[in-house]
Amino acid sequence: EGARWRCCRQAFEELAGIQRHVSMHHGAELRALGPAERRPTGSPGGGHGPGPGPEVCGALPDTSHIGHDQLTSKVGEVLLYYCYCEVKDPEKLCAWQKALCQHLHLTGKVRVASEGINGTVGGSKVATSLYIEVMLSQPLFKNILCQEDFKSSAGGAHCFPDLRVGVFKEIVPMGIDPKIVSYKETGIHLSPQEFHREVEQYLSQASQGQSDTILLDCRNFYESKIGQFQGCLAPDIRKFSYFPSYIDENLELFKDKRVLMYCTGGIRCERGSAYLRSKAVCREVYQLKGGIHKYLEEFPDGFYRGKLFVFDDRYAICSNEDIISACRYCGVLWDQYKLCSSQHCRQLVLTCPSCCNKGLTACCPVCQEKELKVTSRASGQALKEECECTRKRPRVPIERVSQRRLDTGK
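Cut-off values and rules
- Residues numbered from 1 in each chain as written.
- Predicted model: local features only at pLDDT ≥ 70, side-chain atom pairs only at ≥ 80, totals over all residues.
- Heavy atoms only, no water.
- Helix = DSSP H or I, 4+ residues; strand = E, 2+ residues; numbered from the N terminus.
- Buried < 20%, exposed > 50% of the residue type's maximum accessible area, 1.4 Å probe, protein only.
- Areas by Shrake-Rupley, 256 points an atom, 1.4 Å probe, with all protein chains shown as cover.
- Phe/Tyr/Trp six-rings, centres within 6.5 Å; stacked < 30°, edge-to-face > 60°.
- Pairing = 2+ DSSP bridges.
- Axes fitted to C-alpha atoms, helices over the stretch in contact; angles between N-to-C directions.
- Contact = heavy atoms within 4.5 Å.

- Under an unreviewed UniProt entry, the name given to the protein is Thiosulfate sulfurtransferase/rhodanese-like domain-containing protein 2, and the source organism is Campylorhamphus procurvoides.

**A short note on the overall build of the protein**
- Helix and strand content of the protein: 15 helices and 17 strands.
- The buried share of the protein, reckoned over its 410 residues, is 51%.
- Counting every atom, the protein has about 19,700 Å² of accessible surface; 49% of that belongs to carbon and sulfur.

**Description of the environment of G331**
- Here G331 is to be found in the loop between β15 (316-317) and β16 (337-339).
- In sequence terms G331 and T351 are 20 residues apart; their C-alpha atoms lie 9.1 Å from each other.

**Structural notes on the packing of aromatic side chains**
- Within this structure, the stated rule accounts for 15 aromatic pairs.
- For the ring pair F309 and Y337, a centre distance of 6.0 Å and an interplane angle of 80° mean the geometry is edge-to-face. One end of the pair, F309, is in strand β14 (residues 308-309); the other, Y337, is in strand β16, with 28 residues separating them in the sequence. Here F309 and Y337 have matching classes, each one buried.

**Structural notes on the pairing of strand β6 (residues 151-155)**
- Residues of β6 alternate between two faces, with K151, S153 and G155 buried on one and S152 and A154 left unburied on the opposite face.
- Here five bridges tie strand β3 (residues 76-84) to β6, and the two strands are oriented antiparallel to one another. Note on β6: the bridge partner recorded for E77 is A154.

**Some words on the sheet that holds strand β5 (residues 116-124)**
- Strands sit in the order β6-β3-β5-β4-β7 across an open sheet of five strands; the sheet is mixed. Each edge of the open sheet is held by one strand with a lone partner, namely β6 and β7 (163-167). Taking the axes of each pair of neighbouring strands and ignoring which way they run, one obtains an average angle of 10° across the sheet.
- Strand direction decides the pairing type here: strand β4 (residues 107-113) and β7, joined by five bridges, are parallel. Residue pairing in the sheet places G108 in a bridge with L163 of β7.
- Contacts from helix α5 (residues 90-103) reach β3, β4, β5 and β7, with the element oriented near 170° to β7.

**Topic: unusual backbone geometry**
- With a phi close to 60°, D256 is a non-glycine residue in the positive phi region.
- Position of D256 among the secondary structure elements: in the loop between α10 (251-254) and β11 (258-262).
- A positive phi angle, close to 70°, is found at Y315, a residue other than glycine.
- Positionally, Y315 belongs in the loop between β14 and β15.

So this is what it looks like as structure tokens:
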């Protein structure tokens with residue numbers, strides 16, 4: 001089929017693609033080989049062997065030729081990316097990443113761990129372009145991270161309140177030790193085009209009651225509430241760390257099924273698919289490479305309807321005109337989140353302008369009442385408590401398979 005390499009039931013046309021795959025998934029095997037055996041076929045200079053990973057290069061780019069206004073322009077973008085690789089010194093990578101972002105006047109969040117890096121940063125177009133260039137030249141990410149791994153959307157440094165860079169056990173918080181469930185045991189990656197064809201076939205079969213496939217949303221309920229793929233199963237969970245328990249409690253649902261998984265940028269599917277595969281109940285597990293971000297770049301009017309939730313001050317980005325959610329109070333179509341006005345809660349709420357003007361700005365009646373009392377509290381003192389919304393929602397919902405209905409027309 002024109003592919004130059006095949007491995008793990010996947011086809012690779014580009015050398016960089018097979019090198020990234022081998023580095024991420026076959027490190028232990030390659031470390032047992034000699035240098036000559038590690039060189040990929042067709043590579044004149046030989047690939048970068050995964051090994052334990054090179055040291056972090058702490059150099060910062062020269063910006064003396066770039067004007068301050070260019071680096072700090074409010075017209076810019078937000079980058080979303082991740083890279084799984086072996087990091088020998090997470091603290092050093094963290095320090096360099098923080099210095100790099102400050103040097104380029106970037107804001108956002110970056111998680112570093114021994115298993116890699118996960119970041120979403122915002123800044124001017126000049127700053128984000130330079131950031132990508134420096135990240136691709138970092139020896140630690142060579143032949144693993146590539147240009148297409150960076151998802152971008154309109155925005156800038158103003159989309160985040162500050163810069164937060166830290167070292168964690170996981171680069172995506174699933175709550176399970178990466179040594180127990182590793183990204184190296186992930187599902188089969190599908191390109192946006194392949195995923196689109198799979199969803200098209202699934203919806204066609206599901207409408208006739210013949211599908212053996214589950215289209216699984218790996219995100220939290222407030223994300224899927226404002227945007228999702230048609231005919232998907234969207235778990236009513238608040239945190240990704242609840243996802244493993246959700247799988248455990250609903251194993252029968254996935255028995256002998258083909259599972260198509262997706263999330264925002266792809267990273268949650270890496271660990272989520274590995275966890276699902278570890279249960280050995282599915283026929284096969286697939287995941288959308290690059291997540292919804294990459295899918296919408298190629299299929300803005302495809303099978304994903306509504307907005308894409310993002311974890312910054314924008315809350316959502318738009319690719320189509322569909323609104324699939326409603327105001328919490330009056331039920332009118334509405335999909336623009338605000339923070340609950342009660343300081344003790346600060347959850348997200350969908351409340352339309354009309355209801356906001358009536359003072360309905362909290363996520364539930366309990367919070368609405370507490371907000372009226374909070375003015376007597378000292379300023380700046382915000383206590384987090386469980387509100388009515390949180391208490392009423394089961395931590396891990398149990399799916400009633402026989403009662404599920406797929407509405408493929410909406």
